[in-house]
Each structure stands twice: as structure tokens, then as C-alpha cells.
Amino acid sequence: MRALSLILMVVLANPVLAITVGSALDFDSPEKEALYRQLLMDLRCTVCQNQSLVDSNAPLARDLRRLTYQKVQEGADRESIHAFMVARYGDFVLYKPPLRSSTWLLWFGPLLFVLLGGLILWRVMVHYRNGAEASAVISPQARERLSELMREQGEAERR
Amino acid sequence: MRGGLTLLPLGIFVALILLFWIGLGLNPRELNSPLVGQSVPEFSVPDLMHAERPLTEQSLMGQVSVVNVWASWCVSCRAEHQQILALAKQGVQVIGLNYKDEFEDAVDYLQENGNPYQAIGFDHKGEVGIEWGVYATPETFVIDRHGVVRHKHTGPIRPATLEQELMPLIAQLEAE
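Residues numbered from 1 in each chain as written. Chains lettered and ligands numbered in written order. Predicted model: local features only at pLDDT ≥ 70, side-chain atom pairs only at ≥ 80, totals over all residues.

(A) Seen up close, the overall build of chain B. Helices and strands together make up the secondary structure of chain B, namely five helices and seven strands. When the helices and strands of chain B are listed from N to C terminus, the series reads α-β-β-β-α-β-α-β-α-β-β-α. A compact globule built from 176 residues would reach a C-alpha radius of gyration of about 16 Å, whereas chain B, at 20 Å, exceeds it by more than 25%. Over its C-alpha atoms, taken along the principal directions, chain B stretches across nearly 80 × 35 × 30 Å. When the 176 residues of chain B are sorted by exposure, 35% land in the buried category. Within chain B, counting contacts between residues at least 6 apart in sequence, those at least 24 apart form 72% of the total. (Helix = DSSP H or I, 4+ residues; strand = E, 2+ residues; numbered from the N terminus. Rg over C-alpha atoms; globule rule 2.2 N^0.38 Å. Buried ≥ 20, exposed ≤ 12 C-beta atoms within 10 Å, placed from the backbone. Contact = placed C-beta atoms within 7 Å.)

Shown next as C-alpha cells:
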């Protein structure tokens, strides 16, 4: 029973459901309804900048939801609604920024860092593999003393 | 090789500090408006003071003007009001866009604080605001005499913003 109510709470807390429950919009077709829900998640609320139109309770988000609803009902497709929003609020309004020369760093930056990290890791590994024996970090005298100590230790253990 | 590797973490550290220094210094509210460089969007909205005389994009043609988006409920608008008044006093055409406000509240606000606006669009539902990409009042646009948006300032105008940013730009546009 407890588990069931917990599951219910999680399901009912779903923001997409909350919208439908809250405003009970009628759509001409299930496709339009799916498009509307998709768009609300694609678009960022520029007032509360880390929320989508679904999540945000800002008055502007409410207006933009209504506008999106009207446009979807009028038969607008996803691209044209994206274009409408970008023309007014800029690329920032899209959660997924378009791929173009000014956004290359944004898209491929993480890959660049992975490659850079891999390169550093590789060089460090090569360095230690080749350099471990030959490295002159400790002097020959110290090396001799070290092996002497290790030999004594070994003998002590054997006894 | 050895020296390079030892200095690498320091190099990465310095690069990150620089990146954060610049990145965290940016104002996330200051979004580049796609309207800058474009003609003002077409709109038509009743004037707050003369309902029979609508404000349209044609009202902005022929001279340099400043479009200021404000509302009586907007606290930062009160903060910048002195600067808007100063702008009007210097002879700049200032057009207001009263955004998502109640008629009485807007009129009371102007009576209380003074009216710097030569015309005021009464955008009760915020529809014109959407056309202009308004997302955070106050917003201020500088429009040249051909009706092209040349600059947008988001947030309250401070005396320094007025003197260092807006006035030089307006003077430059008037000289064009």
C-alpha cells in the first residue's frame, strides 16, 4: 500500500502530467498533443533560465505555453515554432542549441577534453613504463644501499 | 618533457581560473537579442493615454527613439525611472511599452513618478512583449531613424549606463 502510494506520488508529480491536469487542453489529434508536449520540453523559459516551459510557473512561460498551444492547433510544425521563438528570444530559448560554427566548442568541447585527458594519461604511462628503470631519480649509491637493505630484510625474514 | 609534464597541471589550473573568471563575471540575464540589427517587429497596440491613437512600428520611423518596457509592478523600473526622465529631458524621443499591467495602476504610476514617455503602448496581455522578445522588465531598446533596433539593454538603467552606453550611442545614431 505504502509502495503504491509512493509510486502514485512520483507519477502524479510528473510535470508533463501536471500541465494536462492543470489546464485540460483539447487537441484536434493525439499527434498535436504529442507535438505540444515535445515543444514545451524543447523550449526554455527565459525568465527562470534553468526551467523548460513545462516546469516554469512564470507568467511569460504561461503566455508562451498558450501561444504554443494556439500555433500547434493551427497546424504549425516543430521547426516553425522553434524558428518563431528563436527569432524573438535567440538560440538560448532552445534547450538543444543548433550546431553551427559558433556552437562547435559547446558541442565538441567535452570530446576535446576527453581526448586531451587521454593524451596526458597516455604520455604519463609511457613515461613511467620507459623511464622507471633508467630514471636517475636516486643516485647509484642510494640504489646500492637500497638493494642492500632489501637483501638484509629478506634474510631477516627467512630466519 | 619532464618539465612540461610538471607544469601541465599548473597550466590547466590557470586556464580554468581564467575561464571561470570570465564566465562567472558574465550576467546570465544579459542575453543577446536576435532583434539587434533587425527592423522593429510589426505591432499595433492602443496608447495608454490616447486609446484611439494606436502605437505601431510606424511611430518609430523618422527619428532616433528609445523604447522602454516597464510596468507598475516592476520594482527595477522604479529604480531606473529617474534615468528615463533624464533621457526625455535631453530631448530624446522615449516611447514606453507598458507590459502586462493594469490600466489604473499604470496611470497612477505615471502620476506619482512623472511621465517621460511621448507615447505609451498599453500591452495588457503581453502580446507585443512577445513580438519584442521581452522576458525581464525593464528592457530598453535603442531604435535608429530607419526603425532598426541598434541596441538592447536588459535590466535597470543606471546613471553610468545612461552616460557611457546610451547617450553616446544616441548621439552617434543622430549623426548618421
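Resuming the write-up.
(B) Summary view of the pairing of strand 6 (residues 139-143) of chain B. All names here are of chain B. Most of strand 6 is tucked away, with five of its five residues classed as buried. In this structure, strand 3 (residues 65-70) lies alongside strand 6, joined through five bridges in antiparallel fashion. Within the sheet, the bridge partner assigned to Val 66 lies in strand 6 and is Val 142. Sheet topology note: the strand 6/strand 7 (residues 149-154) ladder contains five bridges and is antiparallel. Across the sheet, the residue bridging to Ile 143 is Val 149, located in strand 7. (Pairing = 2+ DSSP bridges.)

(C) Structural context of the interface of chain A and chain B. Between chain A and chain B, the contact holds 16 residues from the first and 14 residues from the second. Listed by contribution, the elements that provide at least two residues to the side of chain A that touches chain B are helix 4 (59-73), helix 5 (78-89) and helix 6 (104-134) of chain A.

(D) Representation of helix 5 (residues 159-175) of chain B within the structure. In this model, helix 5 of chain B (17 residues) spans 23 Å end to end at C-alpha, consistent with the 24 Å of a helix rising 1.5 Å per residue. A maximum bend of about 35° is found in helix 5 of chain B at Leu 166 of chain B, where proline Pro 168 of chain B lies one to four positions downstream. (Expected span 1.5 Å × (residues − 1). Bend = angle between axes of the 7 residues up to and from the residue.)

(E) Representation of the sheet that holds strand 5 (residues 119-123) of chain B. Residue and element names in this part refer to chain B. Taken together, five strands build an open sheet; the order of strands is 5-4-3-6-7 and the sheet is mixed. Because the sheet does not close on itself, it has two edges, and the strands there are strand 5 and strand 7. Averaged over neighbouring strand pairs, the angle between their axes works out to 15° when direction is ignored. (Axes fitted to C-alpha atoms, helices over the stretch in contact; angles between N-to-C directions.)

(F) Looking closely at helix 5 of chain A. Given a rise of 1.5 Å per residue, twelve residues ought to cover 16 Å, and the 16 Å separating the end C-alpha atoms of helix 5 of chain A matches this to within 8%. Of the residues making up helix 5 of chain A, those classed as buried are Ile 81, Met 85, Arg 88 and Tyr 89 of chain A. All buried residues of helix 5 of chain A fall inside an arc of 80° around its axis, so they share one side. Seen from the buried face of helix 5 of chain A, the exposed residues on the opposite side, beyond 90 degrees, are Glu 79, Ser 80 and Ala 83 of chain A. Buried residues in helix 5 of chain A make contact with helix 3 (30-42) and helix 4 of chain A together with helix 4 (127-131) of chain B. Directly after helix 5 of chain A, the chain includes Gly 90 of chain A, whose backbone phi takes a positive value near 85°. (Arc of directions from axis to C-beta.)

(G) Quick peek at the nonpolar core. Membership of the largest hydrophobic core comes to 52 residues, with the highest contact counts inside it found for Leu 43 of chain A together with Val 94 and Ile 143 of chain B. Residue contacts for Leu 43 of chain A: discarding those within four places in its chain leaves Ser 52, Leu 53, Leu 64, Met 85, Val 93 and Leu 94 of chain A. (Core = buried A, V, L, I, M, F, W, Y, C linked by C-beta atoms within 7 Å.)

(H) Expanded view of the packing of helix 3 of chain A against helix 4 of chain A. Residues and elements named next belong to chain A. Running from amino to carboxyl end, helix 3 crosses helix 4 at an angle of 145°, the nearest separation of the two axes being 10 Å. Taken as a pair, helix 3 and helix 4 cross one another with a handedness that is right-handed. Between helix 3, through Lys 32, Leu 35, Tyr 36, Leu 39 and Leu 40, and helix 4, the contact on the second element is made entirely by Arg 65, Thr 68, Tyr 69, Val 72 and Gln 73. Split into classes, the residues belonging to the contact of helix 3 with helix 4 amount to six nonpolar, two polar and two charged. (Left-handed = near helix turned anticlockwise from the far one by under 90°. Nonpolar A, V, L, I, M, F, W, Y, C, P; charged D, E, K, R; others polar.)

(I) Spatial organisation of the confidence of the model for chain B. The predicted model of chain B has a mean per-residue pLDDT of 91, with 97% of residues at 70 or higher. Across the predicted assembly, pTM comes out at 0.74 and ipTM at 0.79. (pLDDT = per-residue confidence, 0-100.)

(J) Focus on the environment of Val 75 of chain B. Tracing the backbone through its elements, the reader meets Val 75 of chain B in helix 2 (residues 75-89). C-alpha separation for the pair Val 75 of chain B and Gly 133 of chain B, spaced 58 residues apart in sequence, amounts to 20 Å.

(K) Molecular detail of unusual backbone geometry. Residue and element names in this part refer to chain B. Thr 137 connects to Pro 138 through a cis peptide bond whose omega is -5°. By the secondary structure assignment, Pro 138 is in the loop between helix 4 and strand 6. Phi is positive for Lys 100, which is not a glycine, with a value near 50°. The exposure class assigned to Lys 100 is partly exposed, which follows from the 19 C-beta atoms found within 10 Å.

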